[in-house]
Structure formats: structure tokens, C-alpha cells
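# Tertiary structure, described
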Amino acid sequence: MLKLLSSSCLRSKFSNCSLRAPPSSGEKSTLGQFFRSLRDSNPRILVSGKRVFFCSEAGDGSEAAGVKAGEDNAAEKVESKSSSAIVPTNPKPEDYLSVIALPLQHRPLFPGFYMPISVKDPKLLAALVECRRRQAPYAGAFLLKDEPGSDSGLTSASEIDKNASEFKGQELFKRLHEVGTLAQISSIQGDQVMLLGHRRLQITEMDSEDPLTVKVDHLKDKPYDKEDDVIKATAFEVISTLRDVLKTSSLWRDHAQTYTQYIGEFNYPRVADFGAAISGANKIYCQQVLEELDVYKRLKLTLELVKKEMEISKIQESIAKAIEEKISGEQRRYLLMEQLKAIKKELGLETDDKTALSAKFRERLEREKCPPHVLQVIDEELAKLQLLEASSSEFNVTRNYLDWLTALPWGNYSDENFDVHHAQKILDEDHYGLTDVKERILEFIAVGKLRGISQGKIICLSGPPGVGKTSIGRSIARALNRKFYRFSVGGLSDVAEIKGHRRTYIGAMPGKMVQCLKNVGTANPLVLIDEIDKLGRGHAGDPASALLELLDPEQNANFLDHYLDVPIDLSKVLFVCTANVVEMIPNPLLDRMEVIAIAGYITDEKMHIARDFLEKTTRETCGIKPELVEVTNAALLALVENYCREAGVRNLQKHIEKIYRKIALQLVRQGVPNEPSPNATTESVVIEASSGKSVEKPSESIAEGQNVSVVGSEEATSLCEASETPAEANQANILSKYEAEVNNAKKESDIIQETEVNKEVEKVVVDVSNLSDFVGKPVFHAERIYDQTPVGVVMGLAWTAMGGSTLYIETTQVEQGESKGALHLTGQLGDVMKESAQIAHTVSRAIHSAKEPDNLFFANTKLHLHVPSGATPKDGPSAGCTMITSLLSLAMNKPVKKDLAMTGEATLTGRILPIGGVKEKTIAARRSGVKMIIFPSANRRDFDELAPNVKEGLDVHFVDNYNQIFDLAFETEQEAEK
């Protein structure tokens, strides 16, 4: 690198130096004439005669530390006070036989050249200052050797500086090249030291270590014949090459002018040094030139280096010439960008221009399938693109617009599969149950097969979380052979997410539907819109209103996106929406959708899903082999009943994953092998027998805490016989039914399964007894508080977000006195439920007066009605008939019939109105062991649509008036027998 050193003051110092020698020979005069002619032919060099340049390849700190003296008055004053660049000394340079060694990290220092270095060692810096103070400002500059096996070209300058500062004493001495340069300490500013090379040195031995001082010999060039033709030819070739190189670089011309002005006339050795010093060659090659004392060989080495520089200059000149032809006027601002383009062109990486962009857009577009109105817009935009400058903002807007227009699948439809049996198979593989959803999809396929073409539909799947609403969408797409795309609108408050932005906005993008079509590549995908009941509404508009056009079969054939601004046909798209609460969907939007309610899974369905889907997937995910673990059916039933009572199976999956993670940890601690050993001995044998015999054969080496279960149909039978509560009997019946299904599926009457595992690894068996060790204490307890409900207590049925549950209505007497009749309510009831309680109090008083006219119980008694689980908010009208029954039970001092639950809204006249959540309430009743349920007559259709396994074992009564409930709830034993 060329650095600016000083001004006229420094030049005056150099003019007094004895380095200039008169040209006494033809050699010197010839070389001098060349450089003088070069200097005289360049007027700018005369102006820069006050500047001194020096060569340096120093890195981070040294490069910025170059001394630069200005031309202003302040700089002149500073320079006048400072010491000269070359300090006059009494001893001559050749008198110094022991010098301080200065390591050079990047390039060697050649005689006649300046170089700044950064000295980080305080002791070394102090020694240099002391030398300069004692009028002995000389030191030895030696290049550091590379570490063995390192690539100097791949090492950063900061790393080299860091490594160089770590070397001291003997270690530094070993890393120095033997040949260096005697350097005069020209100036010291902080830790920056300016060196001026004088002559070559060779290290003979180390004198002292801190700072490193070495003994040196002064080297002289070998004698040579100045009239030798070979030397002359080589020198002139170097000069000729230097002339060509100097013509292309103004910095080199200035350096040559400065060198001849302050160092003296050129001779053959100095030509070789000059060429090597100003070249950008590797430091190793420069060191070879420095070490070479034979003038002819030195000239040959320099010639190779300057030839390489010439080739680089030619390449640079050709690139610059090609760029200059394209640049004129205002385009000069884009010089760097154009240079980059030219370089990429040389490498074959030229970017696309407007013609290439237009060709790409036309090639991407299928004109046969594209609608005419879209083709017209595309042709207009392509013509507009040709007229725009690539640097204008409108060009980028048009290019992005064409990119979206041509990327959409205009008229491309995927081939649908109308095979009903194939679709049924896929739906059954992915999901257990969900009969309503599967039936509706099969109807859609059947209609498409009869018509020969399918139309788009809008289906809304509603139900509690975790019932498979989102996953069923993927299965439907796979059954129909359609592409699948999902996006969620939960919390969406910007209309632009649906309809897109205007193209005038910065960063504008199309809406979700256009992005969907681009991603899937077909015009008839299955689009799943998740969480449509959680749409937001903000300052940017109402997304629910924007969805009206998207989800309306009469409007989406010409759906208009704000960004594209051309109609898009979405009539072939099958939309599947999911929602947890249908009531949260705006009515105009709900009117456009076909709602399919997914109530949730009953216990039997959860058992099948857990055994056939969740457990198998989790076991494979955890990397556990089937023969190393067994989760019994009783454990799964307890997991469903006591831990995962919600309608969906997401929480059930989490608990199964938790079980298998703990099993995996237990197996790893025992040292489970990657493959089962063929010589494994049996540690536990689980025998399942339907013949009535249960055998348990644990080995003696089974560790404490390991459970070996004997599971069979007799276990379920014994559970059923020994059960004391209806809930326990119901669990036993479910378990017995599931065992029978498993045995029938296997078609084996007697099954004896022996599992052999490695003798060092015990098989893990998860049963009811140790289930809490894997998943903790049960979360849910029995909802049934009373085996036989006492006076004033009636079981009701409620719908919850988790599917359904039973709840009790409790009524008790507070105080009695004349005209003290009142009703007090507790249990965190909502406004609707409080009104239902007041209605129930009025209706029950009327019924009781009709049954017992002389009894003034309600008129003279203050009553307290409570609904347990007071921390849970409760609201809704469906508990009206239950409250009436509870009040009448207390008034007549008569308990209701055992195992009875009821639900229904009551009016003041005693009419029973329909309610919702029939399936959820029925499932909750079965879970609590209820045998008789009372529903409103208007809900008969909802109950009839339930699966047979849900209705099995229930005595259901449908009523229109409360008098019917009264007869069912308070019938005597004689009436029951009749």
C-alpha cells in the first residue's frame, strides 16, 4: 500500500541527505533518464513533489497509522518543530553490528522504502525511544516466518498481529527470517514507529532476549558486470514492464517520482528492489528477492513479479474500459453496480434484464387455460414493463405484479378420486368415529361421481378442542386427491389478510387465498380455515365481512383480490372451516356454511384411539420396542376416566407421551440393548385367558416396584360382580366390552402370550396400581357424589367446553315461619340460571299447591338452592326442570328415583323446552353410571342420531310437560311394578 508521509519540510531534510549519488555511469544515466522522462511527462507529479510515499502491506492498525503531513500552516509549524525523517547520526549505518530485532508480519522492508509498524511491547517501544534519543536510531527489520502447516493467505491481519505480539526472546528469534533490513527509526508517535530501509542484514546470533537484540552482518550485492548483455536485457525488460505498469497507475507514478527524488538515481539492484517492493506479490516471494544477492537472479525474480502485476493491470483495464462505454452522465452514480454486473458477466452469472423477465413471464403462462380478461391484463403489463427504466420504483411494482399474475394456476385442476370405497378406507385409517363427517364427505364424492365434476362446498366442523377437526381436513384432502392448504384466522383483524393490499402501498401483498393458489399450484385445493369463530375486528376493517365473499358459493366464482384486481374463480375450492363455539360466528357468515357438529369421543372410542393410534405412534416416536413395554387395558381405562375426561384426545395423547417418556428413561437406566437378545430369559409372563383361569408367573429376579398383570375377561366379570357403585360397574362393563372386541378381532379363544426380554432388562408393565407413578395423582374424581340422592338433591346434566358433565342441584330449608317464603341462590350462577331458579320456585309452588292444597311449605319456608363446584361459573336455562324437581323433593320430603338424571328448560306453565348438547350430556350420564335420563320431546331427533354404543343401556324418556317428569321422578315402588 502507498502511504502519504510528509511535506516540503521532509523533502528538504532528504535533499541534505548523502543518499543521492551523481550518475557516474551509463547504467545510472539510462535508468535515470527513463524515470526523469516519466516524471517530466506527467504534470501532476510535479505538483505532488512535496509528498513522500512509502510501501506497506501493514494490516489493521499499521495501515491507519501512516504519517500524513498537510499543506496548511498548522502542519508546517508541527513539522518544523519535529525531528527530521532521517536523523543525522555520527556513527555510520555500517558501524552497527548489534541491533534491536523488529518483527514484520506482512511484508519485508526493502532499502529505500518507508514502512509503519505497530509496536505493542512496552519494553521494546521504550528501547526504540532510547535508541533514538542516544542518536543511534537504527534497528533490524526481519520478516516473521509462517507457522508450519498454516496457510498465510487464509489468515487475517488481526490474527497475525495477535500471534506476533505473543512471541518473546528465543521463540521470536526462531521465527525470524535470517535476512532483513537495517532500518532507520524515522519517527515514533505513540506505538506507531516509522522505519526507513537502508541496507540488507543477516542475523548471526542472538545477543539478548528482552528486548530481542541480534548480532548482524551487513550484506553487499555480489559483483556483477554492468556491461553484461544478459543483465542489461533483463533490466531493460523489467524497466519496460514497469513503464507499462506505471502508465496504468497514478499511485505507482507518484511513488517512482518520490523514490528517484529522495533515494537517488536508479541502478540495476535498485530497479529489482523497486519492482518487488511496489508489487502486490506474496510476502514469501518478496522475501526471496530481499535475500537474493546475485543481481541477475534478483532481476529475474522481480521480472516475474512485475509480469504478474502487468497481467492484473490488463484485466483491470479491460473491465474499466467495458464499464466506461456504458456509463455516461447520471449513470456514473451506478459505477460500482455496473462493475459488479461486468464481473458477473465474466463469470457467467449475468442477471436478467427486461427482455429476459418478459420471456420468463410468457414462458410461465399457459395461454390456453388462462381466462381472456387475465390475458389482456398480462399483455398490457408486459408492454408497460418494456417502457419502464429498471431503476424506477414503478418497474419493481410491475414486475412483482406480473410475477403473481403468471404464478397462479389459471385453469389447472388436480384429478380428483371419486372412489367412495377408497375414500372410506382412508378416512377410517386416519380417524376413529366421526361418522357424521365421513358420511358427509362420502356424499360429496358420490355427487361428484354422478355429475362427472365436483363443485366447491363450505363445511364447518364445530366441536370442543382436540376432537380432530384440523386433522380431518388433511384426511379429506388425501381421500379426494386434492392439494391441502391451511391458514388460521384466529385473532385476525386486518381485511387485507383476506382481500390483499392495494398495489400502491409499499410492501403490498395479495391475500391468503391468492397465496394459497400459488403455493398449491392447482385451482381446486382443499382450504382449511382454522379458528373461524375467533375472528377479530380492528381499525383495518371487519375480516368476517370480507369472508362473506370468499365463502359464498354465488360470489366466489368472481372473487376479487385488491392486489391482483382481476376476478378469480374459487367455485371449485372445497372450504373446510373449524370452530369451537358456533354461536361466536356472525350469523351472515354462518348462514353460508354447512355445520357438522363433532361432539367428542366417548370412553369406548377413546380406548380404541389410544390403543390403535396414539400408543403405537408414541411408542415409535420414543424408540421403544413393543416387547419391552405393556400398557394394560385397565390402565388405559383409568387414564381416560380419571385423567383425560375432556371431549377430545389431545390431553390423552400428552399423558400417553408422558408415560412412554418415563418408560424410556427407565429402560435406558436398566441398559436396554439396541436389539433384543436371542438368548433372553423370560422375566415376566402376562397371560390373558378367556377360559376363566388367570395365571401369574413372575420370576424371582423381578425388581421391587415392577407389576405383572393378569388381564382377562374374568377380571372384568369379577370387577362387575364386586363393584359397589354404578360408576364402577359401568367401568367394568366398558372394560369387559373392550376385551370381548379384542378377542373377537383376534379370532382366538385361548391366547397365551409369552414375552421374552433381555435378562438384564425387565419388561415394564403399566397397570392401574402403578399408573400414578407415571402420570401423577388423578385429576378428576367421581362426579357422582351420592349413590342414592337424598331429599332435595337431583342430578342434572350440563354441557361444558370439555364435552359434558353431571351436576347436582341441592336445596335445603333455612328457616320456617309465617310468610317467610323466599329463595336464596349460591354456586356462582349466571343471570339466565338465576332466572331459571326463580321460575322453578314459582312452578314448584304451583305444582305443590295442586298436589297438597293444605301444605303451605313454600309460603312459610326460606329455601337455599346451591349448585356444587362453586368456583366454576355456570349459566344456561337447561337446569329448569332439575331445579323444580329438587324443590318438590324437599317440599314433599321424598327423594327422587335412584340413578336418574334430567335436563330441560321449563316455562312458567310447566312446558319443557328443548336444549342443546344431547350427545355430550348422554356421554356424561353414562360416565356417572346413570340408567334413566329425561330429555325434552323436541330432542328426540338428536338422541336418535347418536351411535348405538352411546345409547346402549340407557332408559331415556322424552317429556313435554313437567307433570310427566313428576310421575317419573317420584313414582312409588307399586307404580314402578305396575
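### Some thoughts on the overall build of the protein chain
- Regarding its fold elements, the protein chain presents 38 helices and 28 strands.
- Within the protein chain, buried positions represent 49% of all 978 residues.
- If you take every contact in the protein chain between residues at least 6 apart in sequence, the share linking residues at least 24 apart comes to 76%.
- If you sum the accessible surface of the protein chain, you get close to 48000 Å²; carbon and sulfur atoms cover 50% of it.

### Side note on helix α25 (residues 603–622)
- By the largest-angle criterion, Ala610 marks the main kink of α25, which is about 45°.
- Among all positions in α25, only Thr603, Asp604, Glu605, Lys606, Met607, His608, Ile609, Ala610, Leu614, Glu615, Thr618 and Arg619 are buried.
- Looking one or two residues beyond α25, the residue adopting positive phi is Gly623, at roughly 70°.

### Thoughts on the pairing of strand β22 (residues 822–826)
- Where burial is concerned, the two faces of β22 differ: the one with Leu823 and Leu825 is buried and the one with Ala822, His824 and Thr826 is not.
- Direction of pairing for β22 relative to strand β23 (residues 861–866): parallel, over a ladder of 5 bridges. The residue bridging Leu825 from the neighbouring strand is Leu865, located in β23.

### Structural notes on the packing of helix α19 (residues 435–451) against helix α20 (residues 469–480)
- Put simply, α19 and α20 touch, their axes get as near as 12 Å, and they point 30° apart. Put simply, α19 runs roughly parallel to α20. When the axes of α19 and α20 are compared, the crossing they make is right-handed. Residues Val437, Ile441, Phe444 and Ile445 of α19 pack against Ile472, Ile476 and Leu480 of α20.
- Taken together, the residues that form the contact of α19 with α20 break down as 7 nonpolar, no polar and no charged.

### Let's talk about the packing of helix α18 (residues 420–430) against α19
- With their axes 10 Å apart at the nearest point, α18 and α19 run at an angle of 155° to one another. One finds that α18 runs roughly antiparallel with respect to α19. Considering how the two elements wind past one another, α18 and α19 form a crossing that is right-handed. Contacts from Val420, Ala423, Gln424, Leu427 and Asp428 in α18 reach Lys438, Ile441, Leu442 and Ile445 in α19.

### Here's the deal with the sheet that holds strand β10 (residues 484–488)
- What the 5 strands build is an open sheet, ordered β10-β11-β14-β9-β15; its pairing is parallel. Sheet topology places β10 and β15 (594–597) at the edges, where each strand pairs with a single neighbour. Put simply, the sheet's adjacent strands are angled 20° from each other on average, direction ignored.
- In this structure, strand β9 (residues 458–462) lies alongside β15, joined through 4 bridges in parallel fashion. Looking at β15, one finds that Leu461 is bridged to Ile596.
- Docked against the sheet, α19 engages β9, β14 (574–579) and β15, running at close to 145° with respect to β15.

### Concerning helix α12 (residues 283–291)
- All buried positions along α12 are accounted for by Lys283, Cys286, Gln287, Val289 and Leu290. Along the axis of α12, the buried positions cluster into a sector of 155°, meaning they face one direction only.
- The distance from a side-chain oxygen at the start of α12 to the backbone nitrogen of Ile284 is 2.8 Å, and the residue carrying that oxygen is Asn282.

### A look at the pattern of salt bridges
- Inspection of the entire model under this criterion finds 28 salt bridges.
- Several salt bridges share partner residues, and in doing so they unite Arg200, Asp221, Asp273 and Arg298 into one network.

### Quick notes on the sheet that holds strand β28 (residues 955–959)
- Sheet architecture is open: 7 strands sit in the order β22-β23-β21-β20-β24-β27-β28, paired in mixed fashion. One side of each edge strand has no neighbouring strand; the edge strands of this open sheet are β22 and β28. Each strand axis lies, on average, 30° off the axis of its neighbour in the sheet, ignoring direction.
- Most of the contacts of helix α31 (residues 831–851) go to β22, to which it runs at about 150°, and overall it touches β21 (805–816), β22 and β23.

How each quantity is defined
- Residues numbered from 1 in each chain as written.
- Predicted model: local features only at pLDDT ≥ 70, side-chain atom pairs only at ≥ 80, totals over all residues.
- Heavy atoms only, no water.
- Helix = DSSP H or I, 4+ residues; strand = E, 2+ residues; numbered from the N terminus.
- Buried < 20%, exposed > 50% of the residue type's maximum accessible area, 1.4 Å probe, protein only.
- Contact = heavy atoms within 4.5 Å.
- Areas by Shrake-Rupley, 256 points an atom, 1.4 Å probe, with all protein chains shown as cover.
- Bend = angle between axes of the 7 residues up to and from the residue.
- Pairing = 2+ DSSP bridges.
- Axes fitted to C-alpha atoms, helices over the stretch in contact; angles between N-to-C directions.
- Parallel < 35°, antiparallel > 145°, perpendicular 65-115°, else oblique.
- Left-handed = near helix turned anticlockwise from the far one by under 90°.
- Nonpolar A, V, L, I, M, F, W, Y, C, P; charged D, E, K, R; others polar.
- Arc of directions from axis to C-beta.
- Polar contact = N/O pair within 3.5 Å; in protein donor to acceptor, adjacent residues only side chain to side chain.
- Salt bridge = Lys/Arg side-chain N within 4 Å of Asp/Glu carboxyl O.

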